[in-house]
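The chain contents come next:
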Amino acid sequence: MNIFSIPIHMCELQEIDNNSLVSYAYSLRDNNTGRTLSNKGGWQSDILNDNILNMLLIKILTNISYYANLLDVKKDKTISFTNTWLNINGQNDYNINHVHDGFISGVYYPQTSPDMGCLRLENHNNLKSISWHGNNFNNYNTHNAENFLVSPKTGLLVLFPSWLEHGVEPNSVNEDRISFSFNTRIENAVS
Ligand SMILES: [Fe+2]
């Protein structure tokens, strides 16, 4: 029996113009110093609100609806974006562990490869380091894992609970890892 589980949704989005998103990210960086939150090195945009993102946001919302069904969200609730931002991590850049403010959060990769820094999702049991650590288990599985690494891939979308602690491992490649991050909120639908 497995009494608690963390839903992670991953899929590849089709028909997204990743080249335009990459150009958009660089154009923003050229005109904006950005902000520093969890990022160590790299560049993170301010909050975005631009039509170029419309198709991407529609496809993400379709997947959020699927995810909400898994969670059995009530039909009189709506889930909407609260903030979206772009990240450019160059070589050796990474993000320290953090959580997001929201209901469901996620990331989409317009430009990356598996060596550009995994998304590291942490086991949310704060006591795991006392005896639930790697020295005591033969192989990691869904019961004993301290964390789960998502290998980044261009076109991949990942959804996770906003409360789930996560970080990004260093980009080991001399090429930019570009990701699009977002938070959502849940509220009563307007009737
Ligand atoms: Fe994050």
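For the structure, check the block above.
Bear in mind the structure is a predicted one, so any value in this text is a computation, not a measurement.

Another aspect to go through is helix H2 (residues 54-71). Here H2 spans 25 Å end to end across 18 residues, near enough to the 26 Å set by a 1.5 Å rise per residue. Those residues of H2 not exposed but buried are Leu56, Ile60, Ile64, Tyr67 and Ala68. Buried residues of H2, seen end-on, are gathered within an arc of 110° and therefore sit on one face of the element. Exposed residues on H2 whose side chains face more than 90 degrees from its buried face are Asn54, Ile58, Thr62, Ser65, Tyr66 and Asn69. Its buried side turned inward, H2 meets strand E1 (9-12), strand E4 (77-89), strand E6 (104-111), strand E9 (156-161) and strand E11 (177-188).

With that settled, consider the sheet that holds strand E7 (residues 119-122). Each strand in a sheet pairs with another by means of backbone hydrogen bonds, the pair being arranged parallel or else antiparallel. An order of E2-E5-E10-E7-E8 is seen for the five strands of this open sheet, with the pairing classed as antiparallel. The outermost strands of the open sheet, each flanked by one partner alone, are strand E2 (39-40) and strand E8 (147-150). In this sheet, E8 lies alongside E7 in antiparallel orientation, the contact comprising four bridges. Along E8, the bridge assignment pairs glutamate 122 with asparagine 147.

By the criterion of burial, E6 is predominantly enclosed, with seven of the eight residues buried. In the sheet, E6 pairs with E9 via five bridges, with the strands oriented antiparallel. Counterpart to valine 107 in the pairing with E9 is valine 158. Relative to E11, E6 runs antiparallel, the two sharing five bridges.

For helix H1 (residues 18-31), built from 14 residues, the straight-helix expectation of 20 Å at 1.5 Å per residue is met to within 8% by its first-to-last C-alpha distance of 20 Å. If you check which residues of H1 are buried, you get Leu21, Tyr24 and Ala25. All buried residues of H1 project into a common sector of 100° when viewed along the axis, lining one side. Counted as exposed and oriented over 90 degrees from the buried face of H1: Asn19, Ser27, Asp30 and Asn31. Here the buried face of H1 lies against E4, E6 and E11.

Ile64, Tyr108, Leu159 and Phe180 are the most contacted members of the largest nonpolar core, which has 27 residues in total. At the level of elements, H1, H2, E4, E6, E7, E9 and E11 are the ones that each hand at least two residues to this core.

With a phi angle near 60°, glutamate 15 is a residue other than glycine that sits in the positive phi range. By the secondary structure assignment, glutamate 15 is in the loop between E1 and H1. Using a count of 7 C-beta atoms within 10 Å as the deciding quantity, one classes glutamate 15 as exposed. Within the chain, asparagine 92 stands out as a residue other than glycine whose phi angle is a positive 75°. Along the chain, the position of asparagine 92 falls in the loop between E4 and strand E5 (94-98). C-beta crowding within 10 Å serves as the criterion here: with 14 such atoms nearby, asparagine 92 is assigned to the partly exposed category.

Conventions and cut-offs
Numbering of residues starts from 1 in each chain and follows the order in which that chain's sequence is written. Per-residue local features are limited, in this predicted model, to residues with pLDDT of at least 70; the limit for side-chain atom pairs, both in listing and counting, is 80 or more; totals at the level of whole chains, interfaces and linings are taken over all residues. Under the scheme used here, helices are H or I runs from DSSP no shorter than 4 residues and strands are E runs no shorter than 2 residues, and both carry numbers assigned from the N terminus. Here the expected span of a helix is defined as 1.5 Å times the quantity of residues minus one. Counting other C-beta atoms within 10 Å of each residue's C-beta, where C-beta atoms are placed from the backbone, gives the exposure class: buried for 20 or more, exposed for 12 or fewer, partly exposed between. The arc in question is formed by the directions pointing from the helix axis toward the C-beta atoms. The contact criterion used here is simple: two residues whose C-beta atoms, placed from the backbone, lie within 7 Å are in contact. Pairing between strands is defined by DSSP: at least two bridges between the two strands are required. Joining buried Ala, Val, Leu, Ile, Met, Phe, Trp, Tyr and Cys residues through C-beta atoms within 7 Å gives a set, and that set is a nonpolar core.

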